[in-house]
Amino acid sequence: MYDIGHPSSIELSPFAEDVREGLSSTPKNLSSKYFYDDAGSRIFQQIMDLPEYYPTRAEMEILTRQPADIAAALPYHEPFNIIELGAGDGLKTKELLKYLVGQRTDFTYMPIDISGEAMQQLEGKLAADLPGLDVRPLVGDYFEVLNSLDSEGRPNLYLFLGGNIGNYEKDGAIGLLRMIRNVMETEGRLLTGFDLCKNPRVIQKAYDDSEGVTRAFNMNLLTRMNSELGATFPLDQFDFYSFYDPHNGEVRSMLVSLAEQDVYVEALDQSFHFQQNELIRTELSKKYTLDEIKDLAAESGFIVEKNFFDSQHYFTDSLWRCG
């Protein structure tokens, strides 16, 4: 419960704090990490099934066809952990896990995700499909979970798949990667996915689909604020827009206020004014060149050991070690 009369007297949730900061900023913005409540996670499953949305299929191809090559590149001869940041449904990761289980590799899988529903579903699927796998799901923000994680003295392979690193501005990406680097032991490795620069039309269609599923994914942010924070966003007075800039490799998504209006957020006891056509930035999805990946690794304290590509070179899962 929140005391709307004295909002400063209670501790606000991280979601509420971030909404207040984001909607008070110029330009307004909302963190893309809040896409993934249970409803948002279900919508994202629909996005991954869209014919235009190539990243999931490209990375699935890598993990389906090259698990032996990825496993051969790892230095582990003793038990280790696989710690996945933002695991979601774990569909792609299961291909690598299946191979390792088949090789009788001794490891523990520790998926981390902000969606408790996604973690329950993942644990159930893995119990049915890979009954011998030691799975220890963790629910929460991976920044917080990583800092409190007990690896039991084992080396860790960290997975950050799906091109999720592209959701961060450069400083944020370096900050996250350095956080992983700071908790990583000498034998640790990071396997992280990068969506690569390619034909701009291919990218644009992937992030503004004709069925409007990506629009629904973004609009769910407003629904979530209405539900969880007592906000009064009129959904018919906002729209979605996305564009790709091939010069810097950035896809930018945003919500558009269709009218001049005020939106009240009960949890904050605060109203926010929107001009007609004012934007709320919601997501960055950066596409990388191989040189940019190498530079990002170096700036974060890593060295690129090997890049694994799909057949069209749309995507790479890049294996890094400590620099």
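Not measured: the values here are computed from a predicted model.

Novice: Teacher, can you tell me more about the packing of aromatic side chains here?
Specialist: Aromatic ring pairs are defined here through the distance separating the ring centres and the angle between the ring planes. Evaluation of the coordinates by the stated rule reveals 19 aromatic pairs. For the ring pair Phe 44 and Tyr 53, a centre distance of 6.1 Å and an interplane angle of 80° mean the geometry is edge-to-face. An identical accessibility class is assigned to Phe 44 and Tyr 53; each is buried. On the basis of an interplanar angle of 50° and a centroid distance of 5.4 Å, the ring pair of Phe 302 and Trp 320 is categorised as tilted. Separated by 18 residues along the polypeptide, Phe 302 in strand E13 (residues 302-309) and Trp 320 in strand E14 (residues 315-322) bring together distant segments of the chain. By way of ring pairs, the aromatic residues Phe 35, Tyr 36, Phe 44, Tyr 53, Tyr 207 and Phe 217 are connected into one cluster. The ring centre of Phe 15 lies 4.5 Å from the NZ or CZ of Arg 224, which sits over that ring. Across the ring face of Tyr 288, the terminal group of Lys 286 is positioned such that the distance to the ring centre comes to 5.0 Å.

Novice: Mind showing me how you'd approach the pairing of strand E10 (residues 261-265) here?
Specialist: For a regular strand, side-chain orientation follows a simple rule: the groups alternate between the two sheet faces. Residues Gln 261, Val 263 and Val 265 line the buried face of E10, whereas the alternating positions Asp 262 and Tyr 264 sit on a face that is not buried. Pairing analysis gives five bridges linking E10 to strand E11 (residues 270-274), with the strands arranged antiparallel. For Gln 261, the partnering residue across the bridge sits in E11 and is Phe 274. The antiparallel hairpin formed by E10 and E11 contains four residues in its connecting segment, where Asp 269 sits at a positive phi of about 50°.

Novice: What's the story with unusual backbone geometry in this structure? I'm lost.
Specialist: Excluding glycine, residues mostly carry a negative phi; peptide bonds, for their part, are mostly trans. In this structure, Pro 27 follows Thr 26 across a cis peptide bond, with omega equal to -5°. With respect to the helices and strands, the residue Pro 27 is situated in the loop between helix H1 (14-24) and strand E1 (28-29). The backbone of Arg 104 sits at a positive phi, close to 60°, despite the residue not being glycine. With respect to the helices and strands, the residue Arg 104 is situated in the loop between helix H5 (91-102) and strand E3 (107-113). Despite not being glycine, Asn 277 shows a phi value in the positive range, around 75°. Position of Asn 277 relative to the elements: it lies in the loop between E11 and strand E12 (279-286).

Novice: Honestly, the environment of Ser 25 in this entry has me stumped. Any pointers?
Specialist: Tracing the backbone through its elements, the reader meets Ser 25 in the loop between H1 and E1. A residue is classified by how much of its surface remains accessible, and Ser 25, at 26% relative accessible area, is partly exposed. Residues Ser 25 and Ile 280 lie 255 residues apart in sequence; the distance between their C-alpha atoms is 9.7 Å.

Novice: How do you make sense of the pattern of salt bridges when you look at a structure like this?
Specialist: Two side chains carrying opposite charge are able to pair once their charged atoms lie near each other. Considering all chains together, one arrives at 20 salt bridges under this definition. Note that Arg 20 is salt-bridged to Glu 17, the shortest N-O span being 3.0 Å. Residue Arg 20 and its partner Glu 17 are located together in helix H1, separated by three residues, close to a single helical turn. The partner of Glu 59 in a salt bridge is Lys 92, and the shortest N-O contact between them spans 2.7 Å. Taken together, the residues span a long stretch of sequence, with Glu 59 in helix H3 (residues 54-65) and Lys 92 in helix H5 at a distance of 33 residues. Taken as a pair, Glu 59 and Lys 92 share a single burial class, namely buried. The structure contains a network of salt bridges with shared partners spanning Asp 18, Lys 33 and Asp 141.

Rules used in this analysis
Residues numbered from 1 in each chain as written. Predicted model: local features only at pLDDT ≥ 70, side-chain atom pairs only at ≥ 80, totals over all residues. Heavy atoms only, no water. Phe/Tyr/Trp six-rings, centres within 6.5 Å; stacked < 30°, edge-to-face > 60°. Buried < 20%, exposed > 50% of the residue type's maximum accessible area, 1.4 Å probe, protein only. Helix = DSSP H or I, 4+ residues; strand = E, 2+ residues; numbered from the N terminus. Lys NZ or Arg CZ within 6 Å of the ring centre and 35° of its normal. Pairing = 2+ DSSP bridges. Salt bridge = Lys/Arg side-chain N within 4 Å of Asp/Glu carboxyl O.

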